[in-house]
Amino acid sequence: MPKIPKLIGTIVKTAWSKMFITVTVTQKEQISTELLRIRFEANLSNSKYEIGQAILMQISDTEYRNYTPSAFNKEEGYFDVLFHQKAKGPGTTFFREVAIGAQLTSSLPRGQNVYDENTYYHFFYGDDTCIGFCQALQEEMKKNNHKLEGILELSDNAITYANDYLPYMEYIEKSDDKEVYPAVDYLGSIDTYRWNKIMHGQFYLMGNSKSIQKFRKALRAKGVSANNIITQPFWAEGKVGL
């Protein structure tokens, strides 16, 4: 729901009033030139958050953007979102300029729970826009003593943060090549013993839509079942994104 007429938006919020809450910006931290962390506080007592769910945030009378929290604490009444500042979309500009103390309209978390708690091995592939989701996924892995690994295509400015907060991930240079060769090459470098364990786990592919398609094709060629692959595009070239 990137953009809807103002009247329709008002009707939707009225009809689904229990799904929308007012949140207050209480912290802003510029982690790097391309990563901004914002904390939102609210009454979350009626919420239920599961990994993979998103919140819908209103950024103007007609525009909304989906974001995946990097942290969600129902008891203490806050959630954090990592915003990728290199994006050119209206959401990026809005949250760069939003002031501490500002009150915004947000939905409660909704969507599919993508995490399979019965699976031990989990593999993640994404880019800068996925760091928040990957961080939330990692915290869930720790609770259940599950194994998370994978690769992130990151710009230099995001690698320092990822090294500190995502120690189990590998990082490769972002590639403008439409074939996504660096990421596919990484798959080929995994030894047979390790791959035989990973391939029956759960795979999460997020971020750029074309990269997801290429990486999914490579996984299928290596014998990964389609049932074990979860995809969620966050942006695509030529379209208004974050």
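Details of the structure are given in the entry above.
Residues numbered from 1 in each chain as written. Predicted model: local features only at pLDDT ≥ 70, side-chain atom pairs only at ≥ 80, totals over all residues. Heavy atoms only, no water.

Asker: Outline the nonpolar core, listing residues and values.
Answerer: With 24 residues, the main nonpolar core has Phe-124, Ile-131, Phe-133, Leu-137 and Tyr-204 as its most contacted residues. Elements with a contribution of two residues or more to this core: helix H3 (131-144), strand E9 (147-154), helix H4 (156-165) and strand E11 (202-208). If you tally residues by element for this core, the top one is H3, at six residues. Excluding its chain neighbours within four sequence positions, the residues that come into contact with Phe-133 are Ile-51, Gly-52, Thr-68, Val-114, Phe-124, Tyr-204 and Met-206. Val-23, Tyr-67, Phe-83 and Phe-95 belong to the second-largest nonpolar core, a separate cluster that totals 20 residues. (Core = buried A, V, L, I, M, F, W, Y, C linked by side-chain atoms within 4.5 Å. Buried < 20%, exposed > 50% of the residue type's maximum accessible area, 1.4 Å probe, protein only. Helix = DSSP H or I, 4+ residues; strand = E, 2+ residues; numbered from the N terminus. Contact = heavy atoms within 4.5 Å.)

Asker: Let's hear about the pattern of salt bridges: which residues, and what values?
Answerer: Enumeration according to the criterion identifies six salt bridges in this entry. We note a salt bridge from Arg-39 to Asp-80, for which the minimum N-O separation is 2.7 Å. Highlighted residues: Arg-39 in strand E2 (residues 35-41) and Asp-80 in strand E6 (residues 78-84), separated in sequence by 41 residues. A single burial state applies to Arg-39 and to Asp-80, both of which are buried. (Salt bridge = Lys/Arg side-chain N within 4 Å of Asp/Glu carboxyl O.)

Asker: Which residues make up the side chain of Gln-53, and what values go with them?
Answerer: Residue position: Gln-53 is located in the loop between E2 and strand E3 (55-58). Here the side chain of Gln-53 touches Glu-50 through a polar contact of 2.9 Å, landing on its backbone nitrogen. In this structure the side chain of Gln-53 is engaged in a polar contact, spanning 3.0 Å, whose partner is the backbone oxygen of Gly-111. If we skip the residues at most four places from it in the chain, Gln-53 touches Lys-48, Thr-68, Pro-69, Pro-109, Arg-110, Gly-111 and Gln-112. (Polar contact = N/O pair within 3.5 Å; in protein donor to acceptor, adjacent residues only side chain to side chain.)

Asker: For the environment of Tyr-204, give the residues involved together with the corresponding values.
Answerer: Along the polypeptide, Tyr-204 turns up in strand E11. A C-alpha to C-alpha distance of 6.0 Å links Tyr-204 and Thr-231, two positions 27 residues apart in sequence. The contacts of Tyr-204, once residues within four sequence positions are left out, are Val-114, Tyr-115, Asp-116, His-122, Phe-123, Phe-124, Tyr-125, Phe-133, Leu-137 and Ile-230. A distance of 2.8 Å separates polar atoms of two side chains, one belonging to Tyr-204 and the other to His-122.

Asker: An account of the pairing of E6 is requested, with residue identities and associated values reported.
Answerer: Of all the seven residues making up E6, seven are buried; the element is thus mostly covered by neighbouring parts of the structure. Residues of E6 alternate between two faces, with Tyr-78, Asp-80, Leu-82 and His-84 on one and Phe-79, Val-81 and Phe-83 on the opposite face, all of them buried. Sheet topology note: the E2/E6 ladder contains seven bridges and is antiparallel. Bridge pairing in E6 links Leu-35 to His-84. Alignment of strand E5 (residues 71-73) against E6, held across three bridges, turns out to be antiparallel. Bridge assignment links Ala-71 to a residue of E6, and that residue is Asp-80. Adjacent in sequence and paired antiparallel, E5 and E6 are bridged by four residues, among which Gly-77 carries a positive phi angle near 75°. (Pairing = 2+ DSSP bridges.)

Asker: For helix H5 (residues 181-188), give the residues involved together with the corresponding values.
Answerer: Among all positions of H5, only Ala-183, Tyr-186 and Leu-187 are buried. The arc enclosing the buried residues of H5, seen along the axis, measures out at 100°, which places them on a common side. Relative to its buried face, H5 has exposed residues pointing more than 90 degrees away, namely Asp-185 and Gly-188. Buried residues belonging to H5 abut strand E8 (121-127), E9, strand E10 (169-173), helix H6 (192-198) and helix H7 (209-221). (Arc of directions from axis to C-beta.)

Asker: Quick one: what's the story with the environment of Phe-133, residue by residue and with numbers?
Answerer: Structurally, the position occupied by Phe-133 is in helix H3. By relative accessible area, which is 2% here, Phe-133 ends up buried. Along the sequence, Phe-133 and Leu-82 sit 51 residues apart, while their C-alpha atoms lie 8.8 Å from each other.

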